[in-house]
Amino acid sequence: MEEIYCFAGNPLDRASERRRDAAWIASLLDDPAALILPLRELRPLTRGSNAPVLDWQPIASWQRRIDDGATLIFLGLGDDRRPYFAIDAGGVDGLFGDETESFDARTLAPLLPGPEAAILAEARSLLDWHARHGFCAQCGAPTRVTAAGWVRRCPECKASHYPRSDPVTIMLAVNGERALLGRNRRRPGNRFSCLAGFMEPGETLEECVRREVHEESGVRIGRVKYLACQPWPFPSTLMIGCLCEALSEEITVDPEELAEARWFTRDELRAMVARAATGPDDLTQVSVPGPVAIAHQICRRWSYGLDGL
Ligand SMILES: [Zn+2]
């Protein structure tokens, strides 16, 4: 069965064929059952410190900000057809009660039920995109939000601009009973992870995996097997997880990208996965990222023999 990783598994019906219908969206905004998630500088408002939950609020309490033209996004319909929205809450502190806090989405996501984390990914990516796309890429004029937050339209040249996801391949290169991990220059301690890189235009998934592994580590790659993917809303990436077959063993790291790359045995990797799953990082020990990251899941699946080439 397909496994669902953090930020995947969004339960909402996005009703993408109807959200251009302004009258329909207006009727949803009038629905007293409708809920809205405010995000302040891309951090969702939450309630409760030890076990925070997303602070879904009635639309009515945000009407003034909606009327003022704050970026508003229709996220979708719940199972019971209840409409869900997100809004850029701006920096107005007076609107928030004592119980309200806001958390960075990456910190918060592992604490949330899976479906809530996935909805948060949708909201965060969209609001971030709007914040960075105020002007038309074609003619430079200011653009306007339409289609309930899913399009920005240029009133001058009539171009429509759509939010994008950027595909990134993330892969574990395997040579028999050993797998290749890299240590990033920018991360502290002894944290190793899968190699990864952005797909370039005109490139297939397989070509990207082979290019990135070779660029970063000097290792040549043969077969590539897709495992699973994960939305990663920082800002709007799709992480495409793969296993791939190493055809060579000698490592020559690209010092711009990696401080080090190393082969780990299946047993070593399994121990690293177990450590990362149970507790906070001990930076002196070799480790892999925690379960929120698909890199963890790829390492887990291979080291426990759940996936192979
Ligand atoms: Zn334009």
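Residues numbered from 1 in each chain as written. Predicted model: local features only at pLDDT ≥ 70, side-chain atom pairs only at ≥ 80, totals over all residues. Heavy atoms only, no water.

The subject of this paragraph is the overall build of the protein. Scanning the protein from terminus to terminus reveals seven helices and 16 strands. The C-alpha radius of gyration computed for the protein amounts to 22 Å, which stays within 12% of the reference 19 Å derived for 309 residues, consistent with globular compactness. Overall, the protein is about 60 × 50 × 35 Å in size when its C-alpha atoms are taken along their principal axes. Residue burial in the protein is summarised as follows: out of 309 residues, 49% are buried. Expressed as a percentage of contacts within the protein between residues at least 6 apart in sequence, the contacts between residues at least 24 apart total 64%. Of the roughly 15200 Å² that the protein leaves accessible, carbon and sulfur atoms contribute 49%. Distance between charge centroids for the protein: 1 Å, based on 36 positive and 44 negative side chains. (Helix = DSSP H or I, 4+ residues; strand = E, 2+ residues; numbered from the N terminus. Rg over C-alpha atoms; globule rule 2.2 N^0.38 Å. Buried < 20%, exposed > 50% of the residue type's maximum accessible area, 1.4 Å probe, protein only. Contact = heavy atoms within 4.5 Å. Areas by Shrake-Rupley, 256 points an atom, 1.4 Å probe, with all protein chains shown as cover. Lys, Arg positive; Asp, Glu negative; His and termini not counted. Charge placed at Lys NZ, Arg CZ, Asp CG, Glu CD.)

Another point: the coordination of the zinc ion. Distances from the zinc ion to its protein donors, C136 (SG), C139 (SG), C154 (SG) and C157 (SG), fall within 2.2 to 2.4 Å. Viewed at the metal, the four donor atoms of the zinc ion are separated by angles of 101 to 115°, and the geometry they form is tetrahedral. The sequence motif formed by the donor residues of the zinc ion is C-x2-C-x14-C-x2-C. By relative accessible area, which is 5% here, C136 ends up buried. The class of C139 is partly exposed, set by a relative accessible area of 41%. (Donors = N, O, S within 2.8 Å, 3.2 Å for Na, K, Ca; no water. Tetrahedral: all angles 85-135°; square planar, octahedral: opposite > 155°, others 65-115°.)

Here the structure, examined in full by the defined rule, presents seven aromatic pairs. Summarising the aromatic geometry, the rings of F192 and F264 are spaced 5.0 Å apart at their centres and angled 75° between planes, so their arrangement reads as edge-to-face. Here F192 is found in the loop between β12 (178-184) and β13 (195-198), whereas its partner F264 is found in strand β16 (residues 258-265), with 72 residues between them in sequence. With a relative accessible area of 2%, F264 lands in the buried category. Members of the aromatic cluster, each reached through a chain of ring pairs, are F7, W232 and F234. Positioned over the ring face of W302 is R266, at 4.3 Å from the centre of the ring. Taking the ring centre of Y304 as reference, the NZ or CZ of R270 above it sits at 5.9 Å. (Phe/Tyr/Trp six-rings, centres within 6.5 Å; stacked < 30°, edge-to-face > 60°. Lys NZ or Arg CZ within 6 Å of the ring centre and 35° of its normal.)

Among the ten residues in strand β11 (residues 166-175), seven count as buried, and that is most of the element. The pairing of β11 with strand β15 (residues 237-246) spans nine bridges and is classified as parallel. Within the sheet, the bridge partner assigned to P167 lies in β15 and is L238. Where β11 lies against β13, four bridges are found, and the strand directions are antiparallel. When the bridges of β13 are listed, T169 appears paired with G197. The sheet contact formed by β11 and β12 spans three bridges and is antiparallel. Counterpart to N175 in the pairing with β12 is R178. Counting the residues in the hairpin turn of β11 and β12 gives two residues, including G176, whose phi is positive at 65°. (Pairing = 2+ DSSP bridges.)

Looking now at the sheet that holds strand β9 (residues 151-153). Strand pairs in the sheet, formed through backbone hydrogen bonds, run parallel or antiparallel to each other. Ordered in space as β8-β9-β10, the three strands form an open sheet in which the pairing is antiparallel. Across the chains shown, the open sheet's two edge strands, defined by having one partner strand only, are β8 (144-146) and β10 (160-161). Direction of pairing for β8 relative to β9: antiparallel, over a ladder of three bridges. Opposite T146, over in β9, you have V151 as the bridge partner.

Here we take up the nonpolar core. Residues L75, L172, L181 and L269 are the most contacted members of the largest nonpolar core, which totals 53 residues. Looking at this core, the element that brings in the most residues is helix α4 (residues 114-132), giving seven residues. Among all residues touching L172, those that are not within four sequence positions of it are A179, L180, L181, C194, C242, L243, C244, L269, I298, C299 and W302. (Core = buried A, V, L, I, M, F, W, Y, C linked by side-chain atoms within 4.5 Å.)

Checked against the element boundaries, R211 lands in helix α5 (residues 205-217). A polar contact is formed between the side chain of R211 and the side chain of E203, at a distance of 2.5 Å. With residues near it in sequence (within four places) discarded, R211 still touches F198, E200 and E203. (Polar contact = N/O pair within 3.5 Å; in protein donor to acceptor, adjacent residues only side chain to side chain.)

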